[in-house]
Amino acid sequence: MLSPLAERIISNDYRGVARGITTVERGGEEAIDLLGEIYNSGSSRIIGFTGPPGAGKSSLIDRMLDEFKGHFERIAVLAIDPSSPFTGGAILGDRIRMQRHATDSRIFIRSMASRGHLGGISAATKDAVKILEAGGFDLIIVETVGIGQAEVEIIGLADTTVLVEVPGLGDDIQVMKSGVMEIGDVFIINKSDIDGADRLHRYIQAMIADNYRNSVYLPPVI
């Protein structure tokens, strides 16, 4: 017999989903029991958005939600924010940028604090995604915190990884480094009206040609 919280999650109750995420963030036996109850109770498309701080990931997702709503019935956004140095909680900057979707009954938006975890996502992100899958969301978007070249854990979680880059964030040779630049399924150059966008486009295409030279698939650069 399922617990009341597990039943609320599986019945697509948003407050139940929010409480379930809070439970797995706290961890402990209660989280383990809950995850055991909802295991394999849902299947969702997961898209990860990653890239350096200031790339405009949140604003881009905000715009893309309008398009996604034409293809998915229920959408969840899990935004991994930096942790507050005072409370340890999420700073909530990402969620603020998506406020126009906050009243849409088809969209669930939740911020999670990174809590010092490296790799761009929090330690509880995978468990939170399991809660969202059980909650019946067709599409789950995970936005990483934005920490640079080490932000690669999203590839083990997402079906599709979108790497957002912008011109003018430092030496262009950074795009040639190993790490985060090797995990993208789709590359997006945001803020392309900034000087250097064409040069960044060429660098990324050169990197793709080198890193994917033995692959039949070449990630698109948008």
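Residues numbered from 1 in each chain as written. Predicted model: local features only at pLDDT ≥ 70, side-chain atom pairs only at ≥ 80, totals over all residues. Heavy atoms only, no water.

I'd love a proper account of the pattern of salt bridges, names of residues and values included.
A full pass over the atoms with the stated rule returns five salt bridges. R26 is paired through a salt bridge with E30; the nearest N and O atoms lie 3.5 Å apart. In this structure E30 comes out as partly exposed when scored by relative accessible area, which is 42%. Between K69 and D104 there is a salt bridge; the shortest N-O distance is 3.0 Å. Residue K69 is found in the loop between α4 (57-68) and β2 (75-81), and its partner D104 is found in the loop between α5 (93-96) and β3 (107-113); the two are separated by 35 residues along the sequence. (Salt bridge = Lys/Arg side-chain N within 4 Å of Asp/Glu carboxyl O. Buried < 20%, exposed > 50% of the residue type's maximum accessible area, 1.4 Å probe, protein only. Helix = DSSP H or I, 4+ residues; strand = E, 2+ residues; numbered from the N terminus.)

Requested: an account of helix α2 (residues 14-26), with residues and values cited.
The first and last C-alpha atoms of α2 sit 19 Å apart over 13 residues, in line with the 18 Å expected at 1.5 Å per residue. Looking only at α2, the buried set comprises G16, V17, G20, I21, T23 and V24. Each buried residue of α2 lies within a common arc of 160 degrees when the element is viewed along its axis, so the set occupies one face. Seen from the open side of α2, the exposed residues pointing more than 90 degrees away from its buried face are R15 and R26. At the C-terminal side of α2, G27 shows a positive phi close to 75 degrees. (Expected span 1.5 Å × (residues − 1). Arc of directions from axis to C-beta.)

Describe the sheet that holds strand β1 (residues 45-50), and please don't skip the residues or the numbers.
One open sheet holds the six strands; their spatial order is β3-β2-β4-β1-β5-β6, and the pairing between them is parallel. Edge positions in the open sheet fall to β3 and β6 (186-189), since each of these has one partner strand only. Averaged over all pairs of adjacent strands, the angle between their axes in this sheet comes to 20 degrees, without regard to strand direction. Where strand β5 (residues 160-165) meets β6, four bridges bridge the pair, whose relative direction is parallel. Bridge assignment links E165 to a residue of β6, and that residue is I189. Relative to β3, α2 is tilted by about 15 degrees, and along the sheet it contacts β2 and β3. The strands that α4 touches are β1, β2, β3, β4 (139-143), β5 and β6; relative to β4, the one it contacts most, it runs at about 170 degrees. (Pairing = 2+ DSSP bridges. Axes fitted to C-alpha atoms, helices over the stretch in contact; angles between N-to-C directions. Contact = heavy atoms within 4.5 Å.)

Describe the packing of α2 against helix α6 (residues 125-134), listing the residues and the values that go with them.
Here α2 crosses α6 at 160 degrees, and the two axes come no closer than 9 Å. One finds that α2 runs roughly antiparallel with respect to α6. Taken as a pair, α2 and α6 cross one another with a handedness that is right-handed. Contact residues: α2 offers V17, G20, I21 and V24, while α6 offers D127, A128, I131 and L132. When the residues that make up the contact of α2 with α6 are grouped by side-chain class, the tally is six nonpolar, one polar and one charged. (Parallel < 35°, antiparallel > 145°, perpendicular 65-115°, else oblique. Left-handed = near helix turned anticlockwise from the far one by under 90°. Nonpolar A, V, L, I, M, F, W, Y, C, P; charged D, E, K, R; others polar.)

If you had to explain the packing of aromatic side chains to someone new, which residues and values would you point to?
For the coordinates displayed, the defined rule picks out four aromatic pairs. Plain terms: the ring middles of Y14 and F108 are 5.6 Å apart, the flat faces sit at 80 degrees to each other, and that makes the pair edge-to-face. Of the two residues, Y14 sits in helix α2 while F108 sits in strand β3, which places them 94 residues apart along the sequence. What makes F108 buried here is its relative accessible area of 8%. Judged by centre distance (5.8 Å) and plane angle (45 degrees), the rings of F108 and F137 are tilted. In this pair, F108 is assigned in strand β3 and F137 in the loop between α6 and β4, connecting sequence segments 29 residues apart. (Phe/Tyr/Trp six-rings, centres within 6.5 Å; stacked < 30°, edge-to-face > 60°.)

Please provide a residue-by-residue account of the environment of G16, values included.
Position of G16 relative to the elements: it lies in helix α2. C-alpha separation for the pair G16 and L5, spaced 11 residues apart in sequence, amounts to 6.1 Å.

Pulling in residues and values, what's your account of helix α3 (residues 29-38)?
Among all positions in α3, only A31, L34, L35 and I38 are buried. Along α3, the residues classed as buried sweep out an arc of 95 degrees about the axis, all on the same side. Exposed and facing more than 90 degrees away from the buried side of α3 are E29, I32 and G36. The elements touched by buried residues of α3 are α1 (4-10), α2 and α6. N40 lies just past α3 and shows a positive phi near 60 degrees.

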